[in-house]
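Next come the chains, spelled out residue by residue.
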Amino acid sequence: MKTEQDGEVFEEDSPEENGVHTNQYSSISPPASPEAQENAFSTYFEDKVPIPESVNQSFSFRKLWAFTGPGFLMSIAYLDPGNIESDLQSGAKAGFKLLWVLLVSTIIGLLLQRLAARLGVVTGMHLAEVCNRQYPTVPRIILWLMVELAIIGSDMQEVIGCAIALNLLSVGRIPLWAGVLITITDTFVFLFLDKYGLRKLEAFFGFLITVMGLSFGYEYVLVKPDQGELLKGMFLPYCAGCGPVQLEQAVGVVGAVIMPHNIYLHSALVKSREVDRKNKKEVKEANKYFFIESSIALFVSFLINVFVVAVFAEAFYDKTNIEVSEKCNASGIPHTNVFPYNNDTLEVDIYKGGVVLGCVFGPAALYIWAIGILAAGQSSTMTGTYSGQFVMEGFLNLRWSRFARVLLTRSIAITPTLLVAIFQDVRHLTGMNDFLNVLQSMQLPFALIPILTFTSMTSIMNDFANALWWKISGGVVILVVCAINVYFVVVYVTSLNSVLLYVFAALLSVAYLCFVGYLAWYCLIALGVSCLDFGSRMQTGLSRPIDIYLLNDMDTDALVER
């Protein structure tokens, strides 16, 4: 018998037979490889965090603490240098008026991360592994390549952000290319911290988030933004006097917050907790605590993003280059020739943002800003590397040594990043950041559509499949987010003013839309629109019970129990 709670459909446990539950949910056992094999090829789960037992408690802080970790690692993607740059540009170009866009984007991001976490908790597999088992070979390879492109684009922003921070801290003595090499090297070192224990690694990430909070919080206290205007901008969804510039910036905020590779990452990180997936109560409990933890983590990241927007909205909104240039010349700090001596509206990125803070509020503001950017870049670079490992392992079913996987993941992004660092000046990276934001915006459907598809399929999720209202609202959210980002891409391409690029973009768009259409078709059938099946019985595998695909990944005990 089925019951409905909180919008989710559950099936009552059936009686036990010989001491073993025989309900539908028990057919999904942890689809993991045998323990010895898993340990040999572990990325992040060499030890799993045990969950303390509690008797007759609806909520336990001890349990919440045990589940705390994956959400904060996931939230780092909301604080990477690309996000910080989007925040400061939003404040400088639109003041406080787009804070509500940041708030709505973060809430949408939380709902999407909830789906990712539930997939990992219920199935014991992350999104890349499920894609590997459910999509045919050619679409699967194309999907993997698209996700890798998103990771490379994000990785370039993160590594370049670290390099810019090192350049600011060294007063220009560390060039961009040297900062890139330093960042890549120390990322290798930090990534092996999990050898000393999973909780220590998560604590290190918590420390980096704390550094960001203190650094950008210091700037916030120093600038003293107008609290009334801040609250008005956050909770009134209106942008008075806004034009195309502010509209493009609003779209950029959405694209910067919702990151495609972060969906894959979060679905994998939740596997680090000991959850008996044959026990529906434990799975439901894990879903609850992971959602609470993710909410807290994204609230913290939202506050840090608000700090950055508010600082630049209060101090630099509607300012001109000549105003800032005069203050920089009077301050006597380095980098005084960054801003042209004209009446154009001030344009800033994470490099110029640090300089302008130093010009107006003193050298301490510049160096504390650089420390915050360094923490943001370093932490997001490390989680980006984890994303690359999970995606590569899942899509390609790799069974390489840990060092080989980290080396390959880093090598994919190092070449384009180094080329940019060698041939591009640190003062002129805004154009590259815009291009990378467009690149990641284009990849969003390749995470959002699969996560809605698989979390809506009862053959994968059983009792924890999305309820009808989740399917509808999830589909609407994904449609809106993808439409917003397509608009962002169109605006960017039309600004290039090149017929050759227009033709090239048109050809790419046809291929791109065809593949997105295929994923959407697959998703709609999974959502129950059976008329789209065209009687083909979905040669992609949807017509067959998907737990057959999972059999290959179950351990021996699970198969015996089945």
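Under an unreviewed UniProt entry, the name given to the chain is Natural resistance-associated macrophage protein 2, and the source organism is Channa argus.

(A) The overall build of the chain, seen in detail. The number of helices and strands found in the chain is 24 helices and four strands. Here the chain, with 562 residues, has 58% of them falling under the buried criterion. Restricting to contacts in the chain with at least 6 residues of sequence separation, those with at least 24 account for 81%. Working note: accessible area of the chain is about 23,000 Å², and carbon and sulfur atoms make up 65% of it.

(B) How the structure looks around the side chain of His266. With respect to the element layout, His266 can be found in helix H12 (residues 260–269). Sequence-distant contacts of His266, that is, excluding residues within four places in its chain, are made with Pro70, Gly71, Met74, Gln113, Ala116, Ala117 and Ser294.

(C) Highlighting helix H13 (residues 280–316). If you check H13, its first and last C-alpha atoms are 53 Å apart, about what 37 residues at 1.5 Å a residue would give, namely 54 Å. One or two steps after H13, the chain reaches Asp318, where phi turns positive at roughly 70°.

(D) Focus on unusual backbone geometry. Positive phi is not limited to glycine here, since Val171 has a value of about 55°. Note on placement: Val171 falls in the loop between helix H7 (137–169) and helix H8 (176–191). Positive phi values are uncommon outside glycine, yet Lys224 reaches one of about 55°. Residue position: Lys224 is located in the loop between helix H9 (198–223) and helix H10 (227–235). Exposure remark for Lys224: the relative accessible area of 63% places this residue in the exposed category.

(E) Expanded view of the confidence of the model for the chain. On average, residues of the chain score 80 in pLDDT, and 82% of them reach the 70 mark or higher. Taken element by element, the chain is modelled with least confidence in helix H24 (residues 556–561), mean pLDDT 36, and with most confidence in H13, mean pLDDT 94. Note that residues 1–42 has pLDDT below 50 and, in this model, 91 contacts with residues that lie over four places away or in other chains. Taken together, the stretch residues 536–562 has pLDDT below 50 and engages in 50 contacts with residues farther than four places along the chain or on a different chain.

(F) The arrangement of the pattern of salt bridges in detail. All told, the structure shown has six salt bridges when counted by the stated rule. We note a salt bridge from Arg273 to Glu202, for which the minimum N-O separation is 2.8 Å. In this pair, Arg273 is assigned in the loop between H12 and H13 and Glu202 in helix H9, connecting sequence segments 71 residues apart. The two residues Arg273 and Glu202 agree in class, both being buried. Note that Lys278 is salt-bridged to Asp276, the shortest N-O span being 3.8 Å. Lys278 sits in the partly exposed class, given a relative accessible area of 29%. Exposure remark for Asp276: the relative accessible area of 31% places this residue in the partly exposed category. Linked by salt bridges that have partners in common, Arg199, Glu202 and Arg273 make up one network.

(G) Quick peek at the state of the cysteines. Counted by the stated rule, this structure contains one disulfide. Between the sulfur atoms of Cys239 and its disulfide partner Cys242 the distance amounts to 1.5 Å. One disulfide, between Cys239 and Cys242, carries an S-S torsion of -55° and so falls in the left-handed class.

(H) A look at the nonpolar core. In this structure, Leu143, Phe216, Tyr264, Phe312, Phe339, Trp369 and Phe454 are the most contacted members of the largest nonpolar core, which totals 151 residues. A per-element tally of this core places H13 first, with 17 residues. Every residue in contact with Phe454, bar those within four places of it in the chain, is listed here: Leu119, Leu127, Val130, Cys131, Gln134, Tyr135, Ile460, Met461 and Tyr522. Formed by seven residues, the second largest nonpolar core is a distinct cluster that contains Val438, Phe488, Val489 and Ala505.

(I) Looking closely at the packing of aromatic side chains. Taken as a whole and assessed by the stated rule, the structure comprises 20 aromatic pairs. Between Tyr386 and Phe390, the ring centres sit 6.3 Å apart and the planes meet at 20°, which makes this aromatic pair stacked. One end of the pair, Tyr386, and the other, Phe390, are both in helix H16 (residues 363–396), four residues apart, so they sit about a helical turn from each other. Take Tyr386: its relative accessible area is 0%, and that puts it in the buried class. Pairing Tyr518 with Trp521 gives two aromatic rings, centres 5.9 Å apart and planes at 45°, and the pair type is tilted. On the criterion of helical spacing, the pair formed by Tyr518 and Trp521 is a turn pair, its members being three residues apart in helix H22 (residues 499–526).

(J) Inspection of the packing of H7 against helix H15 (residues 350–361) at higher detail. Running from amino to carboxyl end, H7 crosses H15 at an angle of 30°, the nearest separation of the two axes being 9 Å. With respect to H15, the axis of H7 lies roughly parallel. In this structure, H7 crosses over H15, and the sense of that crossing is right-handed. Mapping the contact onto sequence places Gly161, Ile164, Asn167 and Leu168 in H7 and Ile350, Tyr351 and Val355 in H15. Classifying every residue of the contact of H7 with H15 gives five nonpolar, two polar and no charged.

(K) Here's a closer look at a nonpolar patch on the surface. On the surface, Trp177, Leu181, Leu419, Ile422 and Phe423 cluster together to form a nonpolar patch covering roughly 550 Å² of accessible area. At three residues, helix H17 (residues 402–423) tops the list of elements feeding residues into the nonpolar patch. Mapped onto the secondary structure, Trp177 falls in helix H8.

(L) Region of interest: the packing of helix H4 (residues 81–94) against H16. Relative to each other, H4 and H16 sit at 135°, their axes nearing to 9 Å. On the basis of their axis angle, the class for H4 and H16 is oblique. The segment H4 lies against H16, with Pro81, Ile84 and Leu88 engaging Trp369, Ile373, Ala376, Gly377 and Ser380. Residue composition of the contact of H4 with H16, by class: six nonpolar, two polar and no charged.

(M) Representation of H16 within the structure. In this model H16 runs 49 Å from its N-terminal to its C-terminal C-alpha over 34 residues, within 8% of the 50 Å that 1.5 Å per residue would give. Taking burial as the measure, the 34 residues of H16 include 27 buried ones, the bulk of the element. Asn397, located one to two residues past H16, shows a positive phi value of around 55°.

Rules used in this analysis
Residues numbered from 1 in each chain as written. Predicted model: local features only at pLDDT ≥ 70, side-chain atom pairs only at ≥ 80, totals over all residues. Heavy atoms only, no water. Helix = DSSP H or I, 4+ residues; strand = E, 2+ residues; numbered from the N terminus. Buried < 20%, exposed > 50% of the residue type's maximum accessible area, 1.4 Å probe, protein only. Contact = heavy atoms within 4.5 Å. Areas by Shrake-Rupley, 256 points an atom, 1.4 Å probe, with all protein chains shown as cover. Expected span 1.5 Å × (residues − 1). pLDDT = per-residue confidence, 0-100. Salt bridge = Lys/Arg side-chain N within 4 Å of Asp/Glu carboxyl O. Disulfide = S-S within 2.5 Å. Core = buried A, V, L, I, M, F, W, Y, C linked by side-chain atoms within 4.5 Å. Phe/Tyr/Trp six-rings, centres within 6.5 Å; stacked < 30°, edge-to-face > 60°. Axes fitted to C-alpha atoms, helices over the stretch in contact; angles between N-to-C directions. Parallel < 35°, antiparallel > 145°, perpendicular 65-115°, else oblique. Left-handed = near helix turned anticlockwise from the far one by under 90°. Nonpolar A, V, L, I, M, F, W, Y, C, P; charged D, E, K, R; others polar. Patch = residues over 30% accessible without salt bridge, like charges linked within 9 Å, V, L, I, M, F, W, Y side chains within 5 Å.

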